[in-house]
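Each chain, written out:
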Amino acid sequence: PHHRMNRRIQPAEAEQRLLQAARLSADCVAFTRLVSPHVAPIRRYLERFTQDGADADDLTQETLLTAWRRLDDYDGRGRFKAWLFAIAYREFLQHARSRRRFWRALGRLRAEPAVETVSGDAPAAASDLERLLDALEPETRALVLMSKGVGLSHAEIAEITGKPLGTVKSVINRATRRLIDEHA
């Protein structure tokens with residue numbers, strides 16, 4: 001009998017097969033399988049900016065709809081994950097511009113008194129770090145979260161945001177130093 005040698009399909013190869021199936025036959029199941037590993041991280045990322053679960057859900061849905069409609073625009077350069085996060089970032093910026101909610105929230109955060117944390121109290125320290133992140137300018141917070149929270153490279157972040165690579169690196173490094181200094 002003829003035996004076929006089974007080889008393990010690499011994640012990138014599986015992603016390419018799903019991408020091809022989703023593109024060629026408008027296969028919703030393939031698209032769902034393609035994006036499903038990225039949905040929860042995108043939603044968490046968007047919730048950090050909107051500070052509202054319902055808005056994060058809406059923006060995640062808009063991100064996925066935009067990705068579905070623009071799937072042919074993905075040229076295979078860079079990771080698919082980075083392409084999705086670029087869409088999520090643009091959706092957030094549109095949301096923020098149209099509703100201006102994050103400006104009001106930022107103003108309220110700056111008006112709040114600082115919260116003292118007890119040394120060695122992990123929940124309080126995490127809460128303090130959250131407060132510090134929230135106090136960053138929205139675009140700086142976006143860059144830091146893309147790097148430290150999502151794990152995107154500086155080059156991917158530069159591509160997503162359209163900012164020069166050197167700018168991305170310096171903004172992230174300055175913000176990280178500031179967070180460390182203020183959290184210490």
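Cut-offs and rules
- Residues numbered from 1 in each chain as written.
- Predicted model: local features only at pLDDT ≥ 70, side-chain atom pairs only at ≥ 80, totals over all residues.
- Heavy atoms only, no water.
- Helix = DSSP H or I, 4+ residues; strand = E, 2+ residues; numbered from the N terminus.
- Buried < 20%, exposed > 50% of the residue type's maximum accessible area, 1.4 Å probe, protein only.
- Salt bridge = Lys/Arg side-chain N within 4 Å of Asp/Glu carboxyl O.
- Bend = angle between axes of the 7 residues up to and from the residue.
- Core = buried A, V, L, I, M, F, W, Y, C linked by side-chain atoms within 4.5 Å.
- Contact = heavy atoms within 4.5 Å.
- Phe/Tyr/Trp six-rings, centres within 6.5 Å; stacked < 30°, edge-to-face > 60°.

### Describing the environment of Arg44
Piece 1. Looking at the element boundaries, Arg44 is found in helix α2 (residues 28-50).
Piece 2. Classification of Arg44 by relative accessible area gives exposed; the value is 52%.

### With respect to the pattern of salt bridges
Piece 1. Per the stated rule, a full pass over the model turns up seven salt bridges.
Piece 2. Here Arg48 makes a salt bridge to Asp134, at a shortest N to O gap of 2.9 Å. Linking Arg48 in helix α2 with Asp134 in helix α6 (residues 122-135), this pair joins segments that are 86 residues apart in sequence. Grouping residues by exposure puts Arg48 and Asp134 together as buried.
Piece 3. The salt bridge partner of Asp75 is Arg77, with a shortest N-O separation of 2.8 Å.

### Let's talk about helix α7 (residues 138-150)
Piece 1. Taken as a whole, α7 carries its principal kink of about 25° at Val144.
Piece 2. Burial in α7 covers these residues: Pro138, Arg141, Ala142, Leu143, Val144, Leu145, Met146, Ser147 and Val150.
Piece 3. One or two residues past the end of α7 sits Gly151, with phi positive at roughly 90°.

### Here's the deal with the nonpolar core
Proteins that are soluble and globular tend to have nonpolar side chains buried together.
Piece 1. In terms of nonpolar packing, the biggest core is built from 47 residues, with Tyr45, Phe80 and Met146 touching the most fellow members.
Piece 2. Of all the secondary structure elements, the ones that give two or more residues to this core are α1 (11-25), α2, α3 (53-69), α4 (80-99), α6, α7, α8 (154-161) and α9 (165-183).
Piece 3. Here the element with the most residues in this core is α4; it accounts for twelve residues.
Piece 4. Here Met146 is in contact with Tyr45, Tyr89, Gly151, Leu152, Ile157, Ile160 and Thr161, once residues within four sequence places are set aside.

### Quick word on the packing of aromatic side chains
Piece 1. Overall, the coordinates contain seven aromatic pairs when judged by the stated rule.
Piece 2. Taking the centre distance of 4.7 Å and the plane angle of 35° together, the rings of Phe49 and Phe92 count as tilted. Residue Phe49 is found in helix α2, and its partner Phe92 is found in helix α4; the two are separated by 43 residues along the sequence.
Piece 3. Centroid distance Phe80 to Trp83: 5.5 Å. Interplanar angle 35°. Geometry classified as tilted. Placement of both Phe80 and Trp83 in helix α4 is noted, with a separation of three residues, approximately one turn of the helix.

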